[in-house]
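What the coordinates show
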Amino acid sequence: MTGFTIVHRDEVERNGNWSLLRRALGLGAFGMGLVEIPAGGTIPEHDETERDQEEVFIVLSGAPTIVIDGEDHPAPAGTFVRVDIEAVRTVRNDGSEPASVLIVSAPRASGYEAMEWN
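The following paragraphs examine the structure supplied in this document. (Residues numbered from 1 in each chain as written. Predicted model: local features only at pLDDT ≥ 70, side-chain atom pairs only at ≥ 80, totals over all residues. Heavy atoms only, no water.)

1. Topic: the sheet that holds strand S6 (residues 71-74)
- The three strands are arranged S6-S5-S8 in an open sheet whose pairing can be described as antiparallel. Looking at the sheet topology across the chains shown, the edges are occupied by S6 and strand S8 (89-92). Across the sheet, the mean angle from the axis of one strand to that of its neighbour is 25 degrees, orientation sign disregarded.
- With four bridges joining them, strand S5 (residues 65-68) and S6 adopt antiparallel strand pairing. Within S6, the residue paired with Thr-65 across the bridge is Pro-74. (Pairing = 2+ DSSP bridges. Helix = DSSP H or I, 4+ residues; strand = E, 2+ residues; numbered from the N terminus. Axes fitted to C-alpha atoms, helices over the stretch in contact; angles between N-to-C directions.)

Pasting the structure below:
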């Protein structure tokens with residue numbers, strides 16, 4: 001049967017602390033990556049102006065800090081953060097335990113059409 005892909009996070013190709021979910025799932029309309037941030041670690045600070053991508057950070061475990069335009073925002077597990085393309089962002093883990101953050105991104109130009117039920 002075709003039309004879907006199922007992967008387990010332990011089977012996904014990795015690049016350092018990143019699980020390459022977009023590649024593993026064969027995504028073409030949006031990006032998705034899972035990053036494990038060790039205690040004291042961070043992801044590269046960046047914006048998305050060149051790629052025109054909105055990003056959503058979904059904190060799965062740990063209690064990292066999302067830094068947006070230099071302002072700290074505590075983000076314990078269960079937190080969702082959407083960031084505009086222009087804002088400079090990073091995720092920093094000041095805690096003593098690793099943090100797991102799922103990052104989803106898509107170009108604003110592609111648009112979104114809500115389904116009737118949402």
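That covers the picture; the talk isn't over yet.
2. Thoughts on the pairing of S5
- Of the two faces of S5, both are covered, the one formed by Thr-65 and Val-67 as well as the one formed by Ile-66 and Ile-68.
- Where S5 hands over to S6, the hairpin turn is made up of two residues, of which Asp-69 adopts a positive phi near 50 degrees. (Buried < 20%, exposed > 50% of the residue type's maximum accessible area, 1.4 Å probe, protein only.)

3. Some details on the pattern of salt bridges
- Evaluation of the coordinates by the stated rule reveals ten salt bridges.
- Notably, a salt bridge pairs Arg-108 with Asp-52, separated by 3.2 Å at the nearest N-O pair. Of this pair, Arg-108 sits in the segment after strand S9 (99-107) while Asp-52 sits in the loop between strand S3 (31-37) and strand S4 (53-61), placing them 56 residues apart in sequence.
- Judged by relative accessible area, which is 39%, Arg-108 ranks as partly exposed. (Salt bridge = Lys/Arg side-chain N within 4 Å of Asp/Glu carboxyl O.)

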